[in-house]
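Structural features, examined
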Amino acid sequence: MKTNIVKLFFGAAVALSTVSCEDFLTVDPVDKVGAETFFAGEKDLLLFANGMLQKYLPSEGTIGLGDAYCDLVATKTSNDYYRPDIWNYTKHTGWDIADWRSIRRANYFLENMTRCQNVVAPAVYNHYVGVARFWRAYFYFGKVKTFGNVPWVDHVLDVDDAILFAARDDREFVMSKVLEDLNYACQNCLSDDYEGVINKWVALAFKSRVCLYEGTYRKYHSVNPSTNAAWNNQYETADDFLAEAASAAKEVMTDGGFELYKKGTPEKDFRTIFTSQNPNATKEVIWMREMAGDPINVFNELTWNFNSATYGQQYSPTKDLVHMFLTLDGTPVATDQVSLTKEFENRDWRLIQTVHGPGHTYQNSAGATQLKNIDFSTTKTGYAFIKWSVEIQENYSKGKADNSLPILRLGEVLLNYAEAKAELGQMDKSVWNETVGALRERAGVKNIYPEDAGYVVDDWLKSYYADSPITLTNTLLEIRRERVTELIMENGLRVSDLYRWKLGNLIQDRSTSNQGWKGIYLTADEYNNGFEFNGYKYLFKGQSQGTYSYPIGTSTADLNYTLSDGDHGYLIYNYKLQWDEKRYVRPIPSKALTKNPALGQNFGWEK
């Protein structure tokens, strides 16, 4: 097993050719540099593949902030897509030439690499075909998640190509082609000696993510949201995709050589995965965006985003997110009406490695270790994320964090396998123990199989997912819990989960009937007299004295703080949102419809 790390600087690869990869990535039309003179051997294939990787590796924002607008994360303001009476097809983008260039480049790679087919070893050639097809599947998966039905293009288009004026292809056809591409990549991408590029394990792990998404999407949505027509199942069924997800995940688990990172210190092992610069620090990460730090100066801005009042959206955990974490004995908390100073006690160790809790420290500007305060100018709920934060004060005001950012890791693959098996009716205790059970044991949580006598039903969790179109077993509920506690704020997976489970309404509801986001709980005494946390005193009842005074009012207008029960209760950051069924797919942009009316509009977005 070799961790797949992007090489942000391709000096060695560039030296292989006098033609820069930028020429190939930005050229439009694509024949600016003659393919007949470039695709002459393996070095050229490597250069073009590295250029694709450099260009399209997920950004730090996609990796670490993709869950910003979900049900469990509060923000200073929301995405306009979820704000009341704002969004329509005239505002949407994503269909311009630049938005389809990625697919064009993948097709260009496939069409032109044939020139060196007879001068490289067949296994090497097939590997690069697999790389190109991986990227095409990757790009199309994003298009389908956004728009649903889209045109399938598997060649470089001419200016008069009929596809430019044709209707969109059905989602089921497009996802069948995506599956074909991923299967080819999984079967032909090499693993040995292909560290730092798209390889077999990346393809398999990504396939498990894609197929779980599509299988559950088809299961929980009774219709194709682009058309409001029932699925035709002409190609793969929901269960077909779920079986493919399970198979891909299992291969990674058994043959990839990856393992959960655990050193017998559950209070810190989990967070090491997200704050380490060294890509070899764990054997869990399958694909990551590498940071190099000084002197190369490859940093990220995630710590800055999570600790700034002005940079970013003041991304804040909610009370519901904290409620998801079990106690160390494997049972749910009895109540969430607990002070911030107490609710981290005897909890899943991942909680205090995800959310700022008592005893958490940082390195101040003088280099000394200091207890970290709660800064209400950077949080809307009283909770703060630390999962990605490299806790050095300098990082709070500039992009100097050097932690590498996982894109795919074994923890997700285990949960993809568990959910696929459960949805297929194939879950048993052995599957549970090697997936959810293993993750909980890593976090110091007692492993209890939901079908065993010792399992305690969580009525709160059942009520949280009460709007599910399909009744959920305790096992599925616990897998959904685990996807939160293990994967929150990773690669937008929570948002994707809500969409595929047909629970987008939770983005609006947030357990406050759309009043706003629910934060820390304050007793009447804490409201009247304040409380201490990490050595700092916090005041809330209109007191003006002190650095840490945060008056709570009574206005429920957006951007105001209130308490749920007047003089006590949950801190509410008031902010109204909007959700309706049409939002499971975005509208086709008006500019695209003007150029090609045959595209048609997605159901519900016609006006």
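What counts, and at which threshold
- Each chain carries its own residue numbering, running from 1 in the direction its sequence is written.
- The predicted nature of this model means local features are confined to residues of pLDDT at least 70 and side-chain atom pairs, given and counted, to a pLDDT of 80 or more, with totals for whole chains, interfaces and linings taken over all residues.
- For side-chain calculations, the full set of non-hydrogen atoms in the structure is used, while hydrogens and water are omitted.
- Labels follow the DSSP assignment, with helices taken as runs of H or I lasting at least four residues and strands as runs of E lasting at least two, numbered in each case from the N terminus.
- Remark: exposure states derive from per-residue accessible area (1.4 Å probe, protein chains only) relative to the maximum for the residue type, with buried under 20%, exposed over 50%, and partly exposed in between.
- In what follows, residue pairs with any heavy atoms lying within 4.5 Å of each other are defined as contacts.
- For every accessible area listed, the method is Shrake-Rupley and the probe measures 1.4 Å; residues are considered covered only by the protein chains on display.
- Positive charges are assigned to Lys and Arg, negative charges to Asp and Glu, while His and the chain termini are left out of the count.
- Where a charge sits is defined by one atom per residue type, namely NZ (Lys), CZ (Arg), CG (Asp) or CD (Glu).
- The span expected for a helix works out to 1.5 Å for each residue beyond the first.
- To define a nonpolar core, start from buried Ala, Val, Leu, Ile, Met, Phe, Trp, Tyr and Cys residues and group those joined through side-chain atoms within 4.5 Å.
- Like charges within 9 Å and nonpolar side chains (Val, Leu, Ile, Met, Phe, Trp, Tyr) within 5 Å are joined into patches, using only residues over 30% in relative accessible area that form no salt bridge.
- Between Lys or Arg on one side and Asp or Glu on the other, a salt bridge is scored when a side-chain nitrogen of the former is within 4 Å of a carboxyl oxygen of the latter.
- Nitrogen and oxygen atoms within 3.5 Å of one another constitute a polar contact, given that in protein one can donate a hydrogen and the other can accept it, and given that sequence-neighbouring residues count only through two side-chain atoms.
- Axes here refer to lines fitted to C-alpha atoms; in helices the fit is confined to the stretch in contact. Angles between the N-to-C directions go from 0 to 180 degrees.
- Throughout this description, any angle smaller than 35 degrees is read as roughly parallel, any larger than 145 degrees as roughly antiparallel, any in the 65 to 115 degree range as roughly perpendicular, and the remainder as oblique.
- A crossing counts as left-handed when the near helix is turned anticlockwise from the far one by less than a right angle, and as right-handed when that turn is clockwise.
- Strands pair, by our definition, only if DSSP identifies at least two bridges between them.

Let's shift gears to the overall build of the protein chain. The helix and strand inventory of the protein chain stands at 23 helices and 14 strands. Judged by the C-alpha coordinates and their principal axes, the protein chain covers about 75 × 55 × 50 Å. Residues counted as buried form 60% of the 607 residues belonging to the protein chain. A separation threshold of at least 6 residues defines the contact pool for the protein chain, and within that pool the share at least 24 residues apart is 74%. Working note: accessible area of the protein chain is about 23000 Å², and carbon and sulfur atoms make up 48% of it. Averaging the locations of the 64 positively and 77 negatively charged side chains of the protein chain gives two centres separated by 2 Å.

A few words on helix α15 (residues 410-423). Over its 14 residues, α15 runs 20 Å from end to end, which matches the ideal 20 Å to within 8%, given 1.5 Å per residue. With its phi angle positive at about 75°, Gly425 sits one or two positions after the end of α15.

In this structure, Phe134, Trp135, Trp287 and Tyr465 are the most contacted members of the largest nonpolar core, which totals 171 residues. Among the elements that take part in this core, helix α7 (residues 122-147) stands out by supplying 14 residues, more than any other. Apart from the residues lying within four places of it in its own chain, the contact partners of Tyr465 are Met324, Leu472, Leu477, Arg480, Val484, Arg494, Trp501, Leu503 and Leu506.

This part takes up a negative patch on the surface. Together, Glu111, Asp154, Asp158 and Asp160 give the surface a local cluster of negative charge. If you trace the backbone, Asp158 turns up in the loop between α7 and α8 (171-188).

This brings us to unusual backbone geometry. For Asn491, which is not glycine, the phi dihedral falls at a positive 60°. For Asn491, the location among the structural elements is in the loop between α19 (474-487) and α20 (493-500). Of note in the backbone geometry, Ser513 takes a positive phi value of approximately 55° without being a glycine. Relative to the helices and strands, Ser513 resides in the loop between α21 (505-509) and β10 (516-522). Classification of Ser513 by relative accessible area gives exposed; the value is 64%.

With respect to the helices and strands, the residue Ala132 is situated in helix α7. Looking at Ala132, the relative accessible area reads 0%, which means it is buried. On a C-alpha basis, the gap between Ala132 and Asp525 in space is 62 Å, while along the polypeptide they are 393 residues apart. If we ignore the near neighbours within four places in the chain, the residues touching Ala132 are Ala106, Phe109, Leu110 and Met113.

As for its placement among the helices and strands, Ser339 is situated in the loop between α13 (319-323) and α14 (349-354). At 2.9 Å, the side chain of Ser339 forms a polar contact with the side chain of Thr341. Of the polar contacts made by the side chain of Ser339, one reaches the side chain of Glu526; its length is 2.7 Å. Residue contacts for Ser339: discarding those within four places in its chain leaves Tyr521 and Glu526.

This paragraph deals with the packing of α8 against helix α9 (residues 200-220). Where α8 contacts α9, the axes come no closer than 9 Å and their chain directions differ by 155°. Classified by the angle between their axes, α8 and α9 sit roughly antiparallel to one another. Once α8 is placed against α9, the crossing between them reads as left-handed. On α9, the residues touching Arg171, Glu172, Met175, Val178, Leu179, Leu182, Asn183, Ala185 and Cys186 of α8 are Lys200, Ala203, Leu204, Phe206, Lys207, Val210, Cys211, Tyr213, Glu214, Tyr217 and Arg218.

This paragraph deals with the sheet that holds strand β14 (residues 569-574). Taken together, 3 strands build an open sheet; the order of strands is β10-β14-β13 and the sheet is antiparallel. On the outer flanks of this sheet lie β10 and β13 (561-563), each paired with one strand and no other. Looking at each pair of strands side by side, their axes are set apart by 30° on average, direction ignored. Pairing geometry for β10 and β14, over 5 bridges, is antiparallel. Residue pairing across strands places Leu522 opposite Gly569, the latter belonging to β14.

Let us look at the environment of Asp44. Relative to the helices and strands, Asp44 is located in helix α4 (residues 42-56). What makes Asp44 buried here is its relative accessible area of 10%. Sequence spacing of Asp44 and Cys116 is 72 residues, and the spatial spacing of their C-alpha atoms is 9.2 Å.

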